Amino acid sequence: MMSDITTLGQLKSTGYIAKTIKEEMRHNLIKYLKSGTDLFPGIIGFEQSVIPQLQNAILAGHDTILLGERGQAKSRLLRQLTYLLDENLPFIDGCQINDDPLDPICHQCQQKAALEGNDLKISWLNREERFVEKLATPDVSVSDLIGEIDPIKIAEGRHLSDLSAIHFGMIPRAHRSIFCINELPDLSERIQVSLFNLLQERDIQIKGYRIRLPLDVYIVATANPEDYTNRGRIITPLKDRYGAQIRTHYPKTIAEEMDIAIQESSSPAIINKSVLIPKFMRDIIGNITHLARRNPEINQRSGVSLRLTIANYEVMVAQAFRRGTKQEGISAPRISDLPYLLPATTGKLEFETVEDDRELPIVKGIIDRAVVNTYSDISENHVFEKLVSIFDEGDYTLDTGEDIEDFCYIQLIDKVPGLRSELVKLSETDEPACLISALEFILEGLHLTKKLNKHQKDGHNTYSN
Ligand SMILES: [Zn+2]
């Protein structure tokens, strides 16, 4: 085990060669590419777009910025870059900035190395510890990022060129690591200048003093494309420094959207176990988000996050579960559960309108449209006509809603020849809860395509001719 090694002498005897972080990442990437290892497990929808570009940036040794609206898994993707680091990295024990045992850059370690020679103590850093992340906000200061002078040490008589008088900020502490700045344009111009000096000139300036500090950091960042392109939001030299500007995007299909949402959703096992979700209900959730992303009444510059899809999915599962606790067996979400999505959806969207009372109608309109879109994917047939004709003949009505007993639905299913097998086909199971869910879906589809009427009152929907 490499990590059993505790001195410089032992380390040297293994033939250890220091690499820069970019060399290390490139080396591991090439190894993984050749062996066909999945480098970004769990990242869905970027296989043909973002991931190959990111790999090229790493091969080329380019600092990288991901441009995309909120909730496009940018930070998550960048966090997974740690897979490209060696599992464990040796550094000089006790060093604030993880100095390379063969090539220390801090004054203290240089002295220690000269003094102790092969006895110099080594510690190991796991790759998970080599990802340093900072959300840029206007109040981030130079001392947060770069460092500050420790007045006590100066008072003790140490000179500034002695780096031990400096309390290092996040970036020097990210020496030999990946440093990720989220929402880069939110950094003040002054901070951007210090950041650039650190990256390009390899020195830091604190209170007018220039101190040489040849850090080795792989810098990645994220930004909203609008903020990034706006003149003045990012200083030009910093912009030029990013070798790769990669545009991320939302999932292109409903299926990808839902694969990610289901993977990311955190519904507890006890809930997931007793809830079955028919595909059409999943598609409605995905459609809601995709429609919101095209709606002119919703602010598209900040975007409509995948987190909307995840939250709606979790709420839908929770509602189906809660309703189902009143009876035995499996529960399945239904159309009459959808009003429960309103708070989650309204809260996660930024509206263009200034009138608060417009928000709910906009979201209700989107949900209806999502049901219509999903319904248009299934093909109506003569069974649907027979179902409508039951309502036409003899003033039949059906109430749906949380407190309507299952047998009311089943009675209708049994009245229409061929309907049960149609519902089984649609919900891909003969689980009664799913058949009832499929029935509500068809009734709502027939209503929204103007073949049935619906009245809403006191939490009930009444379908009629
Ligand atoms: Zn050091």
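Each value, and the rule that gives it
Residues numbered from 1 in each chain as written. Predicted model: local features only at pLDDT ≥ 70, side-chain atom pairs only at ≥ 80, totals over all residues. Helix = DSSP H or I, 4+ residues; strand = E, 2+ residues; numbered from the N terminus. Rg over C-alpha atoms; globule rule 2.2 N^0.38 Å. Buried ≥ 20, exposed ≤ 12 C-beta atoms within 10 Å, placed from the backbone. Domains from an automatic or database assignment. Nonpolar A, V, L, I, M, F, W, Y, C, P; charged D, E, K, R; others polar. Pairing = 2+ DSSP bridges. Expected span 1.5 Å × (residues − 1). Axes fitted to C-alpha atoms, helices over the stretch in contact; angles between N-to-C directions. Parallel < 35°, antiparallel > 145°, perpendicular 65-115°, else oblique. Left-handed = near helix turned anticlockwise from the far one by under 90°. Contact = placed C-beta atoms within 7 Å. Arc of directions from axis to C-beta.

Per the secondary structure count, the chain includes 21 helices and 14 strands. For the chain, the C-alpha radius of gyration of 30 Å lies well beyond 23 Å, the compact-globule estimate for 465 residues. The C-alpha extent of the chain, read off along each of the three principal axes, is 100 × 50 × 40 Å. Counting only residues that meet the buried cut, the chain has 36% of its 465 residues in that class.

Looking now at the domain arrangement of the chain. Domain annotation of the chain identifies domain 1 (2-247) and domain 2 (254-464). Put simply, the middle of domain 1 and the middle of domain 2, counted by C-alpha atoms, are 47 Å apart. The residue inventory of the side of domain 1 that touches domain 2, partitioned by class, reads two nonpolar, five polar and three charged.

The next thing to look at is the pairing of strand S7 (residues 178-182). Within S7, four of the five residues are buried, which leaves the element mostly enclosed by the surrounding structure. In this structure, strand S4 (residues 131-135) lies alongside S7, joined through five bridges in parallel fashion. Note that in S7 the partner of Glu133 across the bridge is Cys180. Here S7 pairs with strand S10 (residues 218-223) via four bridges, running parallel. Bridged to Ile181 within S10 is Ala221.

Between the first and last C-alpha of helix H21 (residues 432-448) there are 24 Å, a value that for 17 residues agrees with the 24 Å anticipated at 1.5 Å per step. Of all 17 residues in H21, 15 are buried, a share of seventy percent or more. Where H21 ends, the next residue or the one after it, Lys450, has phi of about 65°, a positive value.

Our focus in this paragraph is the sheet that holds strand S12 (residues 398-400). If you walk across this open sheet you meet the three strands as S12-S14-S13, and the pairing is antiparallel. Since the sheet does not close on itself, it has two edges, and those belong to S12 and strand S13 (453-457), each with one partner. Each neighbouring strand pair of the sheet contributes to a mean axis angle of 25°, computed without reference to strand direction. Pairing analysis gives three bridges linking S12 to strand S14 (residues 460-464), with the strands arranged antiparallel. Bridge pairing in S14 places Leu398 opposite Tyr463.

Here we take up the sheet that holds strand S11 (residues 244-247). In spatial order, the strands read S4-S7-S10-S1-S11; together these five strands make up an open sheet with parallel pairing. The open sheet has two edge strands with one neighbour each: S4 and S11. Pairs of neighbouring strands in the sheet enclose a mean axial angle of 20°, with direction left out of account.

This part covers unusual backbone geometry. One non-glycine residue, Ala73, adopts positive backbone phi at about 60°. Of note, Lys450 is a non-glycine position whose phi angle comes to about 65°, a positive value. Within the secondary structure, Lys450 sits in the loop between H21 and S13. Classification of Lys450 by C-beta neighbours within 10 Å gives exposed; the count is 7.

Taken N-terminus to C-terminus, the directions of helix H2 (residues 21-35) and helix H3 (residues 50-60) make an angle of 130°; their axes are 8 Å apart at the nearest point. Taken together, H2 and H3 sit at an angle that is classed as oblique. Crossing of H2 against H3: the hand is left-handed. Residues Met25, Arg26 and Leu29 of H2 touch H3, and the partners they reach there are Gln55, Ile58 and Leu59. Looking at the contact of H2 with H3 residue by residue, the class counts come to four nonpolar, one polar and one charged.

What follows is about the packing of helix H15 (residues 306-324) against helix H16 (residues 341-348). Interhelical geometry of H15 versus H16 gives an angle of 165° and a closest axis separation of 9 Å. By the criterion of interaxial angle, the relationship of H15 to H16 is roughly antiparallel. In this structure, H15 crosses over H16, and the sense of that crossing is right-handed. Of the residues in H16, those in contact with Arg307, Leu308, Ala311, Asn312, Val315 and Met316 of H15 are Leu341, Ala344, Thr345 and Lys348. Here the residues of the contact of H15 with H16 are counted per class, giving six nonpolar, two polar and two charged.

The next thing to look at is H3. Turning to H3, its buried residues are Val50, Leu54 and Ile58. Down the axis of H3, the sector holding all buried residues measures 70°, keeping them to one side. Turned more than 90 degrees off the buried face of H3, the exposed positions are Pro52 and Ala60. Where H3 is buried, its residues contact H2, strand S1 (64-67), helix H4 (74-79) and S11. Looking at the residues trailing H3, positive phi occurs at Gly61, about 70°.

Turning our eyes to something else, we now look at the environment of Asp93. Within the secondary structure, Asp93 sits in the loop between strand S2 (88-92) and helix H5 (107-116). Judged by the 16 C-beta atoms lying within 10 Å of it, Asp93 falls in the partly exposed class. If sequence neighbours within four positions are ignored, Asp93 has contacts with Lys121, Ile122 and Ser123.

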